[in-house]
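Each chain is listed here by its residues.
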Amino acid sequence: MTAILPERAVLDELPLMPDSAPPVVLPSLLVGVGLRERRVPRWITDPDLIESILDGHIEIPDDLNPQEGAQP
């Protein structure tokens, strides 16, 4: 008989966070699950590109989107 070992999750490999650490939630995760609106940088003026960004077809990296750090 062969025993099947349970699969190890990737999170099992990470060190534990101290209790005093603040929670970290990635802004893109909040946008992906619909808890925050997608933001379009002010320097983008093409209406078709703006629509594609708002529809989620194009992602703007955080370093190119100065509005990303602002609270909604």
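Starting from 1, residues in each chain are numbered consecutively following that chain's sequence as written. The predicted nature of this model means local features are confined to residues of pLDDT at least 70 and side-chain atom pairs, given and counted, to a pLDDT of 80 or more, with totals for whole chains, interfaces and linings taken over all residues. Side-chain measures here rest on the full set of heavy atoms in the structure, leaving out hydrogens and waters.

### Describing the confidence of the model for the protein
The following threshold applies: Residue-level confidence of the predictor is summarised by pLDDT, bounded by 0 at the bottom and 100 at the top. The contact criterion used throughout is that any non-hydrogen atoms of two residues lie within 4.5 Å.
Here the protein averages 74 in pLDDT, while 69% of its residues score no lower than 70. Counted against residues more than four places away or in other chains, residues 68-72, with its pLDDT under 50, gives eight contacts.

### What about a nonpolar patch on the surface?
Here is the rule we go by: Only residues whose relative accessible area exceeds 30% and that take part in no salt bridge are eligible for patches, with like-charged residues grouped when within 9 Å of each other and nonpolar side chains (Val, Leu, Ile, Met, Phe, Trp, Tyr) grouped when within 5 Å. Note on areas: Shrake-Rupley, 1.4 Å probe, and residue coverage restricted to the protein chains presented here. Every case where a carboxyl oxygen of Asp or Glu lies within 4 Å of a side-chain nitrogen of Lys or Arg is listed as a salt bridge. Here a strand is any run of E in DSSP of at least two residues, a helix any run of H or I of at least four, and the numbering for each starts at the N terminus. For every residue, the accessible area (1.4 Å probe, protein chains only) is compared with the maximum for its type, and the residue is labelled buried under 20%, exposed over 50%, or partly exposed between those bounds.
On the surface, a nonpolar cluster with roughly 550 Å² of combined accessible area is contributed by Val24, Leu26, Leu29, Val33 and Leu35. Examined against the element boundaries, leucine 26 turns out to sit in the segment before helix H1 (27-32). Look at leucine 26 and you get exposed, because its relative accessible area is 54%.

### A closer look at the pattern of salt bridges
Using the criterion set out here, one finds one salt bridge in the structure. Linking arginine 38 and glutamate 59 is a salt bridge whose minimum nitrogen-to-oxygen distance equals 2.8 Å. In this pair, arginine 38 sits in the loop between H1 and helix H2 (47-55) while glutamate 59 sits in the segment after H2, placing the two residues 21 residues apart along the sequence.

### Regarding the environment of serine 28
For serine 28, the location among the structural elements is in helix H1. Judged by its relative accessible area of 49%, serine 28 falls in the partly exposed class.

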